[in-house]
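Survey of secondary and tertiary structure
Residue strings, one per chain:
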Amino acid sequence: MWANLQNLYKYRVLIRSLVSRELKARYRGSMLGFFWSFFNPLLLLTVYTIVFNYILPNRALETQPYALFLFCGLLPWTWFASAMLEASNVIISGGNLIKKIIFPAEVLPIVSVLANMVHFLLGTPILVLFMIIYGVPFTVYALLFPVIILIQLILTTGFSLLVSSLSVHFRDLRDIIANLLTLWFFSSPVIYPLTFSTPQDTQLLSRIFRKVLYLNPLSYIMDGYHQAIFYGRMPDWRHLLIVFAASMATFVFGYFVFDRLRDTFAEEV
Amino acid sequence: MNAVEIDNVSKLYKKFAHKRQFQTLKSALLRGNFFSSLNPKDAFAALRNVNCTIPKGRMFGVIGSNGSGKSTLLKLIAGISKPTYGKITTNGKISALIELGAGFHPEISGRENIFINGIMLGLTRKSISERFDDIVRFAELEDFIDQPVKTYSSGMFMRLGFAVAVNVDPDILLVDEVLAVGDEAFAHKCLDKINDFKKRNKTIVLVTHSLGMVKELCDSAMWLKKGEVMKIGDPRMVCGAYLMDVESKEETEMQAEYQKVVEELTAGKKDSKVQQSRWGGGEIQISKVQLLDEHDQEKHVFTTGEKMQIKMFISVRKAVEDFVFGIGIYNTEGVCCYGTNTNIEDLQSIECKGTGEVTFVTDHLNLVEGTYFLDVAAHRKDDYPYDYHRHLYTFKVRSQIKDVGIFRPEHTWEFTPNIRLIERTN
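Bear in mind that the values here come from a model prediction, so they are computed numbers and not experimental data.

Analysis parameters
Within every chain, residues take consecutive numbers counted from 1 along the sequence as written. For naming, the first written chain is A and the first written ligand is 1, with later ones following in the order written. Under the rules for a predicted model, residues below a pLDDT of 70 receive no local features and side-chain atom pairs below 80 are neither given nor counted, while totals for whole chains, interfaces and linings still include all residues. Counting from the N terminus, the helices are DSSP H or I runs at least four residues long and the strands are E runs at least two residues long. Only C-alpha atoms enter the radius of gyration, while the globule expectation follows 2.2 Å times N to the 0.38, with N the number of residues. Residue burial here comes from a neighbour count, namely the number of other C-beta atoms, placed from the backbone, that lie within 10 Å of the residue's own C-beta, with 20 or more meaning buried, 12 or fewer meaning exposed, and in between meaning partly exposed. Distance between backbone-placed C-beta atoms decides contact: two residues are in contact if it is within 7 Å. One bridge is not enough; two strands pair if DSSP finds at least two bridges between them. Note on geometry: axes are lines fitted to C-alpha atoms, helical ones only across the stretch in contact, with angles between N-to-C directions running from 0 to 180 degrees. Residue classes follow a fixed rule: Ala, Val, Leu, Ile, Met, Phe, Trp, Tyr, Cys and Pro count as nonpolar, while Asp, Glu, Lys and Arg count as charged, and any other residue, Gly among them, counts as polar. Here, a nonpolar core denotes buried Ala, Val, Leu, Ile, Met, Phe, Trp, Tyr and Cys residues that are linked to one another through C-beta atoms within 7 Å. Every residue is assigned a pLDDT by the predictor, reflecting its confidence on a scale from 0 to 100. Expected helix span is computed as 1.5 Å times (number of residues minus one). Throughout this description, any angle smaller than 35 degrees is read as roughly parallel, any larger than 145 degrees as roughly antiparallel, any in the 65 to 115 degree range as roughly perpendicular, and the remainder as oblique. Handedness of each helix crossing follows the sense of rotation of the near helix against the far helix: counterclockwise by less than a right angle gives left-handed, clockwise gives right-handed.

Re the overall build of chain B
Looking only at helices and strands, one finds nine helices and 18 strands in chain B. In terms of overall dimensions, chain B is more spread out than a globule: its C-alpha atoms have a radius of gyration of 29 Å, far above the 22 Å expected for 426 residues. Projected onto the principal axes, the alpha-carbon positions of chain B cover approximately 90 × 80 × 45 Å. Evaluated residue by residue, chain B yields a buried proportion of 31% over its 426 residues. Sequence separation of 24 or more characterises 74% of the internal contacts of chain B that already satisfy a separation of 6 or more.

Here is the structure:
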């Protein structure tokens, strides 16, 4: 594993070039180019603002202004979800490279994780802009933002390695992942806070659900974003520690599986 | 020092046990064979116990028919896939020209692709910048380098791929049948580049179907057949052995085809294709036709200049007085290369009865390389056919000399002493 990482470090230039190629290729031929990366979240946020202010007002006090709350969670979720979706296909679609060129295959899922991270980062100025517009103050805890991003990066990479290597052997994994992500989306505090309150009569159900929520590493990450940015509070440091450990474990496990299956890629894709 | 050592290497490919090509997670979970599905049960050996060493600075050729494991071997040396058994050791930086431009992204420009492809092949950004102009000039793409690669013609694409790959400056260059890209001029440039590599004492492994190239360029060669090493050593000797095998395989195929014709002729089904190519009154019947070489052995693949005999087995029910025997040789374009009969050659028929043989003998079959169809016939002088076999028999002519036309007159070249030529030895 250590040797692999060292080897990967040697390929950092390749990773960087591939990420920039990925981004360039995505916008090649489109008139607005990189502006799309800003425009997409901007449009999204505008729509949410209209929907949740006028059409379907969300009155829960703790999540006001809701559009901003939503955006604060959706932005990192989109990064995670797109990276996972791409990971489930990246080795197969990169089959030409795997079969013909000598380079570590983990470059491919890592590139898709990083490319999506760049998208995510390009969306953050919109978040900042709307924070200012809504008059939500920044606090010193916003400095934790990069830390949470790093944790999410490790976690996403771990899952991507796992999914990308398994999807070579199990072709239906891609469809499974697509469905699983929907489920995962609603089982993570993206569009609601981690400490959501429920009416009296559904408390048993919500207790069970809360258990699930606390087993989900993404919960802590999403909550981290909400706490540090939206509320301007210190996220629970124990949570961050747990999710950091879980992310590292996922990464090690994902890399281990990937490494075990690596030699079969050239024959299976 | 050896650049490549291949030690008792075998490569097994999994045959798909299931009807579907890919295992699905769903079926794996349902059957509970999650892990067994990852282990090949039924395997196909693409390479079997291959041993060889390639010393540093040598050019090594690998030949063999399609599916003999040549490319698999190259991939193993490149490290793209791993041997199932055995070990491969390599010394030095490897560049594999397995498929040119494999890493190109169609949407971005040639310039950016050169950088990314170069980095993939192990160059640094700086060294690519240094070689950039060389690469572009070599690929002859000065005017198009900033266009997206998807707008390139396939030749341009290949040229760019080749240009990047050879500029990696490897210690070991693996080449898989890619020198045939581009036009004649570019092919020459590629060959120059290969010779340049040789001069600089680099190791080259060349997989090709061009035996001429192997004989001309390689220091030693290997012939693979169905994953096994048949011969290894001097390129001339290896190519010779390979050619003989190809010929014998062709002979077997032709033999099988001939047997089919003979069977259909004797079975006598009216609507068969063979029967439609045969007509006549049947007063004289040609029951069988054999092609023989100088040792009276049946043969269907001849070498230019060799002796050939066409033997017709004749049976006659009632004695016939007016008869002519003839043969015709046609090439695949339907051109009659040669035709003759006993009447043209002033042989007056007297009587033909019972069973017997008629043989057309030529001491020197002076045809150029190619496939030929044979007509044989027995007919009356006024062309009323007794038995006519049209294009029923096929034979091939092989030649080391790739001359053209349909007929090869025996000849020599003569020169006055001021014009000097020397015989090449391939």
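Having put the structure on the table, let's press on.
Considerations on the sheet that holds strand β9 (residues 228-233) of chain B
All names here are of chain B. Spatially, β5-β6-β7-β3-β8-β9 is the arrangement adopted by the six strands of the open sheet, whose pairing is mixed. Single-partner strands in this sheet number two, and they are β5 (94-97) and β9. Strand-to-strand, the axes of this sheet are offset by a mean angle of 15°, without reference to chain direction. In terms of strand pairing, strand β8 (residues 220-225) meets β9 through five bridges, oriented antiparallel. Among the inter-strand pairings, Ala 221 is bridged to a residue of β9, identified as Gly 233.

Section: the interface of chain B and chain A
Contacts between the two partners involve 29 residues from chain B, matched on the other side by 24 residues from chain A. Breaking the side of chain B that touches chain A down by element, the ones donating at least two residues are α1 (25-31), β5 and α3 (110-120) of chain B. For the side of chain B that touches chain A, the element with the most residues is α3 of chain B, which contributes five residues. Its residues assigned to classes, the side of chain B that touches chain A comprises 16 nonpolar, seven polar and six charged.

Let's talk about the nonpolar core
Ranked by size, the top nonpolar core spans 138 residues in total, and within it Phe 71 of chain A together with Leu 174 and Val 205 of chain B carry the most contacts. By residue number, the principal contributor to this core is helix α4 (residues 66-93) of chain A, which donates 18 residues. For Val 205 of chain B, the residues in contact, after removing those within four places along its chain, are Ile 54, Phe 60, Val 62, Leu 74, Ile 77, Leu 174 and Val 175 of chain B. With 26 residues, the next largest nonpolar core counts Val 324, Phe 325, Leu 365 and Tyr 393 of chain B among its residues.

Here we look at unusual backbone geometry
All names here are of chain B. The backbone of Glu 140 sits at a positive phi, close to 55°, despite the residue not being glycine. Among the secondary structure elements, Glu 140 is positioned in the loop between α4 (125-139) and α5 (154-166). Located in the positive-phi region is Asn 201, a residue other than glycine, with phi close to 65°. Assignment of secondary structure puts Asn 201 in the loop between α6 (184-199) and β7 (203-207). By C-beta crowding, Asn 201 is classed as exposed, having 10 other C-beta atoms within 10 Å.

Some words on the confidence of the model for chain B
Across chain B, the average pLDDT comes to 85, with 91% of residues at 70 or higher. Within chain B, α1 of chain B has the poorest average pLDDT of any element, 67, and strand β14 (residues 324-331) of chain B the best, 93.

Observations concerning the environment of Val 229 of chain B
Residue and element names in this part refer to chain B. Within the secondary structure, Val 229 is located in strand β9. Val 229 gets classed as buried once you count the C-beta atoms within 10 Å, which come to 20. Val 229 sits 165 residues away from Gly 64 along the chain, and the two C-alpha atoms are 9.6 Å apart.

Things to note about the sheet that holds strand β1 (residues 2-14) of chain B
All names here are of chain B. Here we have three strands laid out as an open sheet, ordered β2-β1-β4, and antiparallel in their pairing. At either margin of the open sheet sits one strand with a lone partner, and together these are β2 (43-55) and β4 (85-90). The average undirected angle you get between the axes of adjacent strands in this sheet is 20°. Strand direction decides the pairing type here: β1 and β4, joined by five bridges, are antiparallel. Following the sheet pairing, Glu 5 is matched in β4 by Thr 89.

So, α5 of chain B
Quick reminder: α-helices carry 3.6 residues per turn. Residues three or four places apart thus point the same way. All names here are of chain B. With 13 residues, α5 extends 18 Å between its outermost C-alpha atoms, agreeing within 8% with the 18 Å of an ideal straight helix rising 1.5 Å per residue. Counting buried residues in α5 gives 10 out of 13 residues, a clear majority hidden from the surface. Listed in full, the buried residues belonging to α5 are Phe 157, Met 158, Arg 159, Leu 160, Gly 161, Phe 162, Ala 163, Val 164, Ala 165 and Val 166.

Some remarks on the packing of α4 of chain A against helix α8 (residues 173-186) of chain A
How two helices sit against one another is set out by the angle between their axes and by the gap between those axes. Residue and element names in this part refer to chain A. Contact pair α4 / α8: the axes reach a minimum separation of 9 Å and the direction vectors enclose 165°. Considering their axes alone, α4 and α8 lie roughly antiparallel with respect to each other. For the element pair α4 and α8, the recorded crossing hand is right-handed. Across the interface between the two elements, Trp 77, Ala 81, Met 84, Leu 85, Ser 88 and Asn 89 of α4 pack against Leu 173, Arg 174, Ile 177, Ala 178, Leu 181 and Phe 185 of α8.

Examining the packing of helix α7 (residues 145-169) of chain A against helix α11 (residues 237-268) of chain A
Residue and element names in this part refer to chain A. Packing of α7 against α11 leaves a shortest axis separation of 7 Å and a crossing angle of 30°. The orientation of α7 relative to α11 falls into the category roughly parallel. Both α7 and α11 take part in a crossing whose hand is left-handed. A breakdown of the residues in the contact of α7 with α11 according to their chemical character gives 17 nonpolar, seven polar and one charged.

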